[in-house]
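This is what each chain is made of:
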Amino acid sequence: MPRCPVCRARDIRVTERAARHQAAWRECGHCGLLVDAAALASGRLPALIDARLASGRFTLAPEDPFFVESYSARTLALSRGLVASPVGDEQRAGLRNPYTDCPAITDLHPLAASPPVPVSLVVICRPGDLSNLRDQLGPVASILDDLCIVVDEPPTADLMPPADWPDTIRILQRPLAGDFAAQRNAGQEMARHEWVLQLDADETVDGETLAALGHVAALADAGGCLSVGLARRNRVDGVLSDLFPDIQYRLNRRSLRYAGKVHERPALAGGWRDSFVAPNLVIEHHLSRAHVERRSERYEALQPGKGRLFERDALLTPYAD
């Protein structure tokens, strides 16, 4: 099955939702798009979706071979750098009650034209990562004004940030102790802004994603959401992995807390309904083959049953449409 034309996931599946529309339709397990399997295989869906998004108001035609309601329309619009504003009370209610049978009707405007909110950045790392972070965080500091680093190191260690680091960067020393959620939660508490982007030392975001963060966070606020999933590109020895979009819920309200010693995720009281996916926000993950080959086993040892041993083969497989 080809990848989703919205979020690029391979997870196109048979679901009860699809059965309510057409027997031959499938659902994207990442973004909620419903599609006709034959139309997806034909490759014509991206152009048709772009055509529906070309005017100031998005509506579906009865014969369209895809379906979105308000919740999934938000992600669809973001994939093209747009904001979808639901028209009417029923459409707005769909944001908090996803996957109704009510076709989306939304007004559209450029994401960049919407007012942003400030975002803090938290990076969790080891002491040996600090010298490499200097070049990585320089461009970030020109866009974000609150950068927090949580270092896997006892507080008593003699650790000094490089003298040429921007004043906006603050460092917290805290032993990881095999608990990634606790380390991220320390960063959440350290952040000054109400929205926080969390990264690892081997992850980066480009200028386009940095510029869009505050706009997407504001959109989440407006929709009552607490967490936003970013697409992560895994590059193993520089080669893009087939494990994409590898959604990571890393843009969160500061009050939110992570759970899970490994492969940690935000603990959402309302489950996935308190979040959405923003395909326009991308994390670049830089890995070595040697690291990939041992990471799942190491994580499995830290939390048995949670190491995701199946990911190793997907990470080592080059990307393909």
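Use the structure listed above.
Source: prediction; values computed, not measured.

Draft legend 1. Just the sheet that holds strand β6 (residues 82–86), in detail. Strand order in the open sheet made by the three strands is β4-β7-β6, with antiparallel pairing throughout. The open sheet has two edge strands with one neighbour each: β4 (57–58) and β6. Across five bridges, the pairing between β6 and strand β7 (residues 106–110) is antiparallel. Note that in β7 the partner of Pro86 across the bridge is Thr106. Helix α4 (residues 70–78) contacts β4, β6 and β7 of the sheet and is inclined by roughly 160° relative to β6.

Draft legend 2. Representation of helix α5 (residues 89–96). The complete set of buried residues in α5 reads Gln91, Gly94 and Leu95. Buried residues along α5 cover an arc of 105° about the axis, so they all sit on one side. Those residues of α5 that are exposed and angled more than 90 degrees off the buried face are Asp89 and Glu90. In the core, the buried residues of α5 are packed alongside α4 and β6.

Draft legend 3. Quick look at the pattern of salt bridges. Applying the stated criterion across every chain, the model contains 22 salt bridges. Between Glu203 and Arg232 there is a salt bridge whose closest N-O contact spans 2.7 Å. Remark: Arg232 occurs in strand β13 (residues 227–236) and Glu203 occurs in strand β12 (residues 203–204); sequence separation between them is 29 residues. Each member of the pair Glu203 and Arg232 is classed as buried. Each member of the salt-bridge network shares a partner with another, and the members are Arg184, Asp200, Glu203, Arg232, Asp246, Arg250 and Glu264.

Draft legend 4. Focus on helix α7 (residues 180–190). Among the 11 residues that make up α7, nine are buried, leaving the element largely enclosed by the rest of the structure. All of the buried residues in α7 are Phe180, Ala181, Gln183, Arg184, Asn185, Ala186, Gly187, Gln188 and Met190. With a side-chain oxygen lying 3.3 Å from the backbone nitrogen of Ala181, the N-terminal cap of α7 falls on Asp179.

Draft legend 5. Layout of the sheet that holds strand β5 (residues 66–67). With respect to topology, four strands assemble into an open sheet ordered β1-β2-β3-β5, the strand pairing being antiparallel. Both edges of this open sheet fall to β1 (12–13) and β5, since each of them pairs with a single strand only. Bridging between strand β2 (residues 25–28) and strand β3 (residues 34–36) involves three bridges; their strand directions are antiparallel. When the sheet's bridge partners are listed, Glu27 is paired in β3 with Leu34.

How each quantity is defined
Residues numbered from 1 in each chain as written. Predicted model: local features only at pLDDT ≥ 70, side-chain atom pairs only at ≥ 80, totals over all residues. Heavy atoms only, no water. Pairing = 2+ DSSP bridges. Helix = DSSP H or I, 4+ residues; strand = E, 2+ residues; numbered from the N terminus. Contact = heavy atoms within 4.5 Å. Axes fitted to C-alpha atoms, helices over the stretch in contact; angles between N-to-C directions. Buried < 20%, exposed > 50% of the residue type's maximum accessible area, 1.4 Å probe, protein only. Arc of directions from axis to C-beta. Salt bridge = Lys/Arg side-chain N within 4 Å of Asp/Glu carboxyl O. Polar contact = N/O pair within 3.5 Å; in protein donor to acceptor, adjacent residues only side chain to side chain.

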